Amino acid sequence: MTGGSNKTFYVTTPIYYVNDKPHTGHAYTTIACDVLARFKRLDGYRVKFLTGTDEHGQKVAKAAAEKGISPQAFTDEVSKTFSDLTETLDVTNDDFIRTTEDRHTKACQALWIRIAEKTAPDGKPWIVLDKYSGWYSVRDEAYHTEDELTKGPDETKLAPNGNPVEWVEEESYFFRLSAAEPLLLEYYDAHSDFIAPKSRRNEVTSFVKGGLRDLSISRTTFDWGVPVPGNDKHVMYVWIDALTNYITAAGYPDEKTADYKAFWPADLHMIGKDIIRFHCVYWPAFLLAAGLPLPKRIFAHGWWTIEGQKMSKSLGNAIDPNALIEAYGLDQLRYFLLREVPFGNDGDFSKTALIQRANGELANEFGNLSQRVLSMINKNCNAKVPMPGDFSDEDAELLNAAASMLEPVREAIDRQAFHEALEVIWTVVRAANAYVDKQAPWILRKEDPARMGTVLYVLTDVIRLLALVMQPFTPHACEDILDQLAIPFDSRNFEAFAPGHAPVPGEDLPKPEPVFQRLEMPETE
RNA sequence: GGCGGAGUAGCUCAGUUGGUUAGAGCAGCGGAAUCAUAAUCCGCGUGUCGGGAGUUCAAAUCUCUCCUCCGCUACCA
């Protein structure tokens, strides 16, 4: 391998809020990050891939109370369903953080103190103690602004949904987000790749340009959270708590460790488009205030509809990823999620679309390419890597296409353009199948066995390169293919794209087996 | 309302420093092949490039205008 590589890559999923059960949306984010993490490892990077659970806040406290158990017991239970998901998705996260861990409490409090000690460009402190007041609906657990309110029959004020509201005042610490406005705009301007896709970047900048209000960052009405240092009547607002996880896991507040130096700032925060503001405005503002480096990039992906319908709790159509893996296979699910839709766009998840992709592209084009070639070798070359003769122009052309796909794939991956990466790979898959038909090794078998050996040799090398580069997407099938090609484990990273790693003629090959099962299309629909 | 994005073949989309007959995949139709998971390969598109107007020798690509759809427009997370 690349021992001692100084290239590092730190990628994070959001920490998932334990008020929800894991569904396909969570699986999507996590799988996307896993593909990146696997890709970067194969490409010689030292990778840190973080996921975890967000466990504080009023909703959690309330949900626990309703179940009659402690918040900690409740979060232990739900957090486990998320850590279990990393197992069933066979995701290669290096850490799983829980916001109820001690390391995290320490990091949050250290960050709070650090911000509180600093002053904004206007010379005033970033954090001030004041009062939060407004029209509060107990039923909605939400504040409403004056202009949102409607009047009831007897002139009482009502929330937009008709629930009663009352005027409340609550002591609260405020983060002076307004003072961060010019700093943020300057930062966005200087770092054009900070927020992706571009349309999200536009949204964020226009939001910030519209003026920022100071942010209430502590609560006194419940206690399930990280205590504010020096005033434990207050717990931190869940978002300041949650966002901090990204530096907790890097070792903060100990900034001296090798890990912290290697991994912070993170290379990428992957998020869903629902939490853009928290990641693209609040989090950078907190870090700017603290004088800490900002993450290099934040990518907001889209949503899946399910068979054309919005995924929602009320429709009850959220899909348990475990059921999908059971029904279609993990590699197939991973591939579908990243191939079907340009990453960043919304997409529709349908069973027939998944089956068509899995059958047409994985089983037929890619899997069968491997199977048809290895099967011929098994039957006609004594089950050994054949001895190649001189390469024809067509041989060289195909080999070159395969060897040179890594660069554009890498470039697409660096933009999180998974679908583009897969399209690049598929041009080689298709070229390889066309090559098989054109060369017709089954005819060469009788007419020119030596040439058949060359053709099959070229194909084993092309299949090897395809399996190598597809490992991040469909790791299990690729492992099987590489096993069938008798590729040593230390030649399964991207260094093996360089000359000198091709299959060794004469090497014994095992009997090939299909690596992607064909899926049954449902009778109706 | 304001800001932003989008409207290209049946479907999903690519294509904008303006320039040969506007592309890909899928689906469909026809053919070939039979090594392989009945898996593959080859061929086939008269599309108002949302409508209209304008600039230009030349516009999907620039300008104006209209229509439609989507996102954002803050403190549940």
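Before reading further, recall that the structure is shown in the block above.
Everything quoted here is computed from the prediction, not taken from an experiment.

**Observations concerning the overall build of chain A**
- Broken down by element type, chain A carries 19 helices and 18 strands.
- When the backbone C-alpha atoms are referred to their principal axes, chain A occupies close to 95 × 55 × 40 Å.
- Sequence separation of 24 or more characterises 76% of the internal contacts of chain A that already satisfy a separation of 6 or more.
- Here chain A displays about 23000 Å² of accessible surface, and carbon together with sulfur accounts for 50% of that area.
- Charge-centre separation for chain A: the mean point of 55 positive side chains lies 2 Å from the mean point of 77 negative side chains.

**Points about the pairing of strand β2 (residues 46–54)**
- Buried residues dominate β2, accounting for eight of its nine residues.
- One ladder, built from eight bridges, connects strand β1 (residues 8–17) with β2; its direction is parallel. When the bridges of β2 are listed, V11 appears paired with F49.
- Crossover connection from β1 via helix α1 (residues 24–42) to parallel β2: handedness right-handed.
- Note that β2 and strand β3 (residues 95–98) share four bridges and pair parallel. Each bridged residue has a counterpart across the sheet, and for T53 the counterpart in β3 is R98.

**Some details on the pattern of salt bridges**
- Tallied over the entire structure, the rule returns 31 salt bridges.
- Between E255 and R114 there is a salt bridge, with the nearest N and O atoms lying 2.7 Å from each other. In this pair, E255 sits in the loop between α8 (245–248) and α9 (258–263) while R114 sits in helix α4 (residues 102–116), placing the two residues 141 residues apart along the sequence.
- The salt bridge involving E423 is made with R339; its shortest N-O contact spans 3.2 Å. Note that E423 is positioned in helix α16 (residues 418–439) and R339 in helix α12 (residues 330–339), a separation of 84 residues in sequence.
- Of the residues examined, E423 reaches a relative accessible area of 39% and is grouped as partly exposed.
- We classify R339 as buried; its relative accessible area is 11%.

**Here we look at a positive patch on the surface**
- A cluster of like positive charges, contributed by K379, R445, K446 and K511, occupies part of the molecular surface.
- Of note, K379 is situated in helix α13 (residues 351–380).
- By relative accessible area, K379 is classed as exposed at 66%.

**A closer look at the nonpolar core**
- In terms of nonpolar packing, the biggest core is built from 98 residues, with L338, F349, I425, M470 and F473 touching the most fellow members.
- Ranked by residues supplied to this core, first place goes to helix α18 (residues 449–470) with 14 residues.
- Each residue touching I425, except ones within four places of it in the same chain, is listed here: M405, V409, L466, V469, M470 and F473.
- L177, L184, I247 and W264 belong to the second largest nonpolar core, which has 63 residues in total.

**Examining the packing of α1 against α12**
- One way to put it is that α1 packs onto α12 with a least axis distance of 10 Å and a crossing angle of 95 degrees. Classified by the interaxial angle, the pair formed by α1 and α12 is roughly perpendicular. Facing Y28, I31, A32, D34, V35 and R38 of α1, the residues of α12 in contact are R334, L337 and L338.
- Counted by class, the contact of α1 with α12 contains six nonpolar, no polar and three charged residues.

**Re the sheet that holds strand β10 (residues 215–216)**
- In spatial order, the strands read β5-β4-β8-β10; together these four strands make up an open sheet with antiparallel pairing. Edge positions in the open sheet fall to β5 (142–144) and β10, since each of these has one partner strand only.

**Quick notes on the sheet that holds β2**
- The six strands are arranged β3-β2-β1-β14-β15-β9 in an open sheet whose pairing can be described as parallel. Of all the strands in the sheet, just β3 and β9 (195–196) have a single pairing partner and so form its edges.

**What to know about the environment of K151**
- Looking at where K151 falls in the secondary structure, it is placed in strand β6 (residues 150–151).
- Along the primary structure K151 and D254 are separated by 103 residues, whereas in three dimensions their C-alpha atoms are 53 Å apart.
- The contact partners of K151, leaving out residues within four places of it in the chain, are T156 and L158.

**Describing the packing of α13 against α18**
- Remark: α13 packs on α18, axes separated minimally by 10 Å, with the N-to-C direction vectors making an angle of 140 degrees. Taken together, the axes of α13 and α18 lie oblique to each other. Considering the relative orientation of α13 and α18, their crossing is left-handed. Residues F366, L369, S370, V373, M376, I377 and N380 of α13 lie in contact with α18, whose contacting residues are M452, L456, L459, T460, I463, L466, A467 and M470.
- Looking at the contact of α13 with α18 residue by residue, the class counts come to 12 nonpolar, three polar and no charged.

**Some words on the protein's contact with RNA strand B**
- In the vicinity of RNA strand B there are 45 residues, among which E203, R213, R277, N368 and K379 approach most closely.
- In RNA strand B, atoms within 4 Å of the protein come 65% from sugar and phosphate.
- One of the side-chain nitrogen or oxygen atoms of E203 is found 2.5 Å away from a sugar or linking oxygen of RNA strand B.
- Within the backbone of R213, a nitrogen or oxygen atom sits 2.6 Å from a base nitrogen of RNA strand B.

Conventions we followed
- In this numbering scheme, every chain counts its residues from 1 along its sequence in written order.
- Here every chain gets a letter starting at A, and every ligand a number starting at 1, in the order they are written.
- Two thresholds apply to this predicted model, a pLDDT of at least 70 for residue-level local features and 80 or more for giving and counting side-chain atom pairs, whereas whole-chain, interface and lining totals are computed over all residues.
- The basis for every side-chain value is the complete set of heavy atoms in the structure, and neither hydrogens nor water enter the calculation.
- Each helix is a run of H or I in the DSSP string that is no shorter than four residues. Each strand is a run of E no shorter than two, and both are numbered from the N terminus.
- We call two residues in contact whenever any of their non-hydrogen atoms come within 4.5 Å of each other.
- Reported accessibility uses the Shrake-Rupley method at a 1.4 Å probe radius. Residues are deemed covered only where the shown protein chains occlude them.
- Only four residue types enter the charge count: Lys and Arg as positive, Asp and Glu as negative, with His and the chain ends excluded.
- Charged side chains are reduced to one point each, which is NZ for Lys, CZ for Arg, CG for Asp and CD for Glu.
- Relative accessible area decides the class of each residue, using a 1.4 Å probe on protein chains only: under 20% of the type maximum gives buried, over 50% gives exposed, and in between gives partly exposed.
- In this scheme, strands are said to pair when DSSP sees at least two bridges between them.
- Every crossover in which the path from the first strand over the helix to the second runs clockwise, viewed with the strands pointing away from the viewer, is termed right-handed.
- The salt bridge criterion pairs a side-chain nitrogen of Lys or Arg with a carboxyl oxygen of Asp or Glu, the two atoms within 4 Å.
- Note on patches: the residues involved have over 30% relative accessible area and no salt bridge, like charges join within 9 Å, and the nonpolar side chains Val, Leu, Ile, Met, Phe, Trp and Tyr join within 5 Å.
- What is meant by a nonpolar core is a set of buried Ala, Val, Leu, Ile, Met, Phe, Trp, Tyr and Cys residues, joined one to another through side-chain atoms within 4.5 Å.
- Note on definitions: angles span 0 to 180 degrees between N-to-C directions of axes, and those axes are lines fitted to C-alpha atoms, for helices only across the stretch in contact.
- For classification purposes, angles smaller than 35 degrees are called roughly parallel, those larger than 145 roughly antiparallel, those between 65 and 115 roughly perpendicular, and all remaining angles oblique.
- Following the grouping adopted for this structure description, the nonpolar residues are Ala, Val, Leu, Ile, Met, Phe, Trp, Tyr, Cys and Pro, the charged ones are Asp, Glu, Lys and Arg, and the polar ones are all others, Gly among them.
- In a left-handed crossing the near helix is turned counterclockwise from the far helix by less than a right angle, and in a right-handed crossing that turn is clockwise.
- The rule for a residue being near a molecule or strand is that one of its heavy atoms must lie within 4 Å of it.
- Here a polar contact means two N or O atoms within 3.5 Å. Within protein one must be a hydrogen donor candidate and the other an acceptor candidate, and residues neighboring in sequence count only if both atoms are side-chain atoms.

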